[in-house]
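Secondary and tertiary structure notes
Next come the chains, spelled out residue by residue.
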Amino acid sequence: MNYLNNKEEKQQLKPFKNYTSSVLLLYITLFSLFFSCSDSTDVELSSISTIESFSFQSNLNASLDDDVVGTISDNNITLLIPFNISANKLIATFTFSGVAIHVGVKEQVSGVTVNSFDKPVVYTVVAENGTKVDYTVTVTNKSSGIPSIYINTRGGAPILDKENYVEATIKIDGDGKYDNFEGKTSIRGRGNSTWGMPKKPYKLKLDTEAPLFGMNSHREWAVLADYFDKTFLRNITAFEISRIAQMSWTPSSVSFELYLNDTYKGVYAMTEQVRVSKERFDIELVKPTDISGEALTGGYFLELDFHFDETYKFKTEKAKLPIMFKDPKKPTVEQFNYVQSYYNLAEEVLYSENYRDSENGYRKYIDVESFINYYIVQELSKNVDGNMRGSCYMAIRRNGKIEQPLVWDFDLAFGNADHITWEQGASSTGWDGWYIKTCSPWFDRLFEDPQFVSELKDRWNELKPQLDKLPNFIKERALMLNAAQTRNFTTKESNGAGWDINKVDWNTSRVSGSYKAEINYLVTFVEKRIGWLDTNINKLN
């Protein structure tokens, strides 16, 4: 009995022992895992710190019409914004991996933080483990097709008149075609009738001379607005004719877009100011001590202009030409009298019976070659002021004759002035008909000399093959200006300059309706004018 009872007890205890063993094994396993984990290091933190996207969203940046998406390459991010948009205050939208992103010590919030991107900006991304990676964000403006100039006056001071200079800084973006430039300058108004227009022309005087746009180094520059010329190419085209004619000096001129005190002003032309210097019109001027003998004969630089607004000036006795001294600005009494007498004598001989005399006729006093070149430029352009009326520069070199060395001011030329008929006597405003030949003092007499006519015909025919290239010259430059002219004639609300291509101004009632039509008018005028002159010059006797 006892044996059986013990055997039964053992059978009853066996499951309990198995259960206890299982619990013990589980306990040991958990215990081991616990201490195994306790012995290991903390969970490893991520070292990822990357910028995955970067953009300027138009809905967050009022100056943008469209979103601008950046290109990420290694640790560089580049963005191109429209040419006329300032990078000064922009809000970036971005995604990144990491715990934080900073510019300097300032934490950046996507779609919120404002930064200036005028210069490259470094964004620092911080990873979970504290490591950092820098990304350089570079924002540039898209090419406008022509250079841009940024002028900022001191304290934003306005430019009020043509007498008082205002201190300013100047920055040139050469658009990859010309060298960039930064410097200090003074700026004032310039021009006669053009200064009274809403789009103002200016004169610059750099603190230090510089070769802007690759032109000869100088301090003084003319910033032409070309308000009346809706092609922006009349002056440039006339200067090209001057170069073809190989006049003594031709001003260089480069179209650009102007930003004045952070306001877009439109298409302008940086032009070499008419000045006597080694780099521009090169002539040896008289000195204050040159008051007699050969020294008194020159050189002198003069301007004939109906405004007649210089201090030292006179009018010729017969034709009443308004002659003004440009250099020297303050001639001595002897120098003034010499020039005045010389002009009156030349004019008297020109209109005398013996004006064609080989020794004592007008050729003794007038540089005929320069007058012929001047005539071709002015007659071809049909310049309303080219009839010895305005912006007509003359010179007398030492022991020299009266010379016409250069041309200037053609915004009202090439069929752009209605008053050429009713005020100046031309037969038409268009490409046909004589103008300088019949409506200009001195030239009216020169054309009565068969020798002068013969020399003109020879010179015209010599230059004709080059003149025939002018229409293509105009088309090529118009193509370069196409994007810029669009902005010039776009409203300010759409980030343009706000000038109206359909506005009628005092100079002409003609409205072409578009820039393309304006260019077509100019090209057609030049083509037909060359054809008309070729036929009629060669008919002269």
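Model, not experiment: these values are computed from the prediction.

Brief notes about the overall build of the protein chain
Secondary structure assignment for the protein chain yields 10 helices and 23 strands. By the compact-globule yardstick of 24 Å for 541 residues, the protein chain is too spread out, its C-alpha radius of gyration being 39 Å. Principal-axis analysis of the C-alpha atoms gives the protein chain an extent of 175 × 50 × 35 Å. Looking at the 541 residues of the protein chain, the share that counts as buried comes to 49%. Relative to all contacts within the protein chain whose residues are 6 or more apart in sequence, the contacts with residues 24 or more apart total 64%. When the accessible area of the protein chain is evaluated, it comes to approximately 26700 Å², of which 50% is carbon and sulfur surface. Within the protein chain, the 71 negative side-chain charges are centred at a point lying 1 Å from the centre of the 60 positive side-chain charges.

What about the environment of Gly174?
Position of Gly174 relative to the elements: it lies in the loop between strand S13 (166-173) and strand S14 (181-189). Accessibility expressed as a relative area gives 0% for Gly174, which makes it buried. Each C-alpha atom, one on Gly174 and one on Asn502, is 30 Å from the other, the two residues being 328 residues apart in sequence. Residues in contact with Gly174, not counting those within four places in the same chain, are Pro147, Asp179 and Asn180.

Points about the packing of helix H2 (residues 234-245) against helix H9 (residues 470-488)
In contact at an axis separation of 11 Å, H2 and H9 are set at 140° when each is read in the N-to-C sense. By the angle between their directions, the pair H2 and H9 is classed as oblique. Handedness of the crossing formed by H2 with H9: right-handed. Between H2 and H9, the residues in contact are Ile236, Thr237, Glu240, Ile241 and Ile244 and Leu470, Phe473, Ile474 and Arg477, respectively.

Section: the nonpolar core
Counting residues in hydrophobic clusters, the biggest one holds 93 residues, and the most contacted among them are Leu233, Tyr343, Ile402, Trp442, Phe443, Leu467 and Tyr515. With 10 residues, the single largest contributor to this core is helix H10 (residues 515-537). Ignoring any residue separated from it by four or fewer positions in sequence, one finds Leu467 in contact with Ile241, Ile244, Leu380, Trp460 and Ile530. Judged by nonpolar contacts, the second largest core, of 25 residues, contains Ile151, Ile187, Leu204 and Leu206.

Regarding the sheet that holds strand S10 (residues 121-126)
The strand order S3-S4-S11-S10-S7-S8 describes an open sheet built from six strands, whose pairing is mixed. Each edge of the sheet is formed by a strand with only one pairing partner; in this case those strands are strand S3 (71-73) and strand S8 (106-107). Bridge analysis of strand S7 (residues 100-103) against S10 gives three bridges, and the strand direction is antiparallel. Its bridge partner being in S10, Ile101 is matched across the sheet by Val125.

Let's talk about the side chain of Thr271
For Thr271, the position within the fold is in strand S18 (residues 263-272). Thr271 gets classed as buried once you look at its relative accessible area, which sits at 0%. Within the local environment of Thr271, its side chain forms a polar contact with the side chain of Ser253, the two groups lying 2.8 Å apart. When residues no more than four places from it in sequence are discounted, the contact partners of Thr271 are Trp221, Ala222, Leu224, Phe239, Pro251, Ser252, Ser253 and Trp408.

Remarks on the sheet that holds strand S19 (residues 300-304)
Spatially, the five strands line up as an open sheet ordered S20-S21-S19-S22-S23, and their pairing is antiparallel. At either margin of the open sheet sits one strand with a lone partner, and together these are strand S20 (313-315) and strand S23 (402-403). For S20 and strand S21 (residues 322-327), the ladder comprises three bridges, and the chain directions are antiparallel. When the bridges of S21 are listed, Phe314 appears paired with Ile323.

Examining the pattern of salt bridges
Tallying each qualifying case throughout the model produces 24 salt bridges. The salt bridge involving Glu220 is made with Arg275; its shortest N-O contact spans 2.9 Å. Taken as a pair, Glu220 in strand S16 (residues 218-224) and Arg275 in the loop between S18 and S19 lie far apart in primary sequence, 55 residues in all. According to the relative accessible area criterion, Glu220 is buried, its value standing at 16%. Arg275 gets classed as partly exposed once you look at its relative accessible area, which sits at 21%. Among the salt bridges present, the one from Arg398 reaches Asp290, with a minimum N-O distance of 3.4 Å. With Arg398 in the loop between strand S22 (392-396) and S23 and Asp290 in the loop between S18 and S19, the pair connects residues that are 108 residues apart, well separated along the chain. Overall, Arg398 belongs to the partly exposed group, its relative accessible area being 33%. Residues joined in a network through salt bridges with shared partners are Lys203, Glu220 and Arg275.

The rules we used
Residues numbered from 1 in each chain as written. Predicted model: local features only at pLDDT ≥ 70, side-chain atom pairs only at ≥ 80, totals over all residues. Heavy atoms only, no water. Helix = DSSP H or I, 4+ residues; strand = E, 2+ residues; numbered from the N terminus. Rg over C-alpha atoms; globule rule 2.2 N^0.38 Å. Buried < 20%, exposed > 50% of the residue type's maximum accessible area, 1.4 Å probe, protein only. Contact = heavy atoms within 4.5 Å. Areas by Shrake-Rupley, 256 points an atom, 1.4 Å probe, with all protein chains shown as cover. Lys, Arg positive; Asp, Glu negative; His and termini not counted. Charge placed at Lys NZ, Arg CZ, Asp CG, Glu CD. Axes fitted to C-alpha atoms, helices over the stretch in contact; angles between N-to-C directions. Parallel < 35°, antiparallel > 145°, perpendicular 65-115°, else oblique. Left-handed = near helix turned anticlockwise from the far one by under 90°. Core = buried A, V, L, I, M, F, W, Y, C linked by side-chain atoms within 4.5 Å. Pairing = 2+ DSSP bridges. Polar contact = N/O pair within 3.5 Å; in protein donor to acceptor, adjacent residues only side chain to side chain. Salt bridge = Lys/Arg side-chain N within 4 Å of Asp/Glu carboxyl O.

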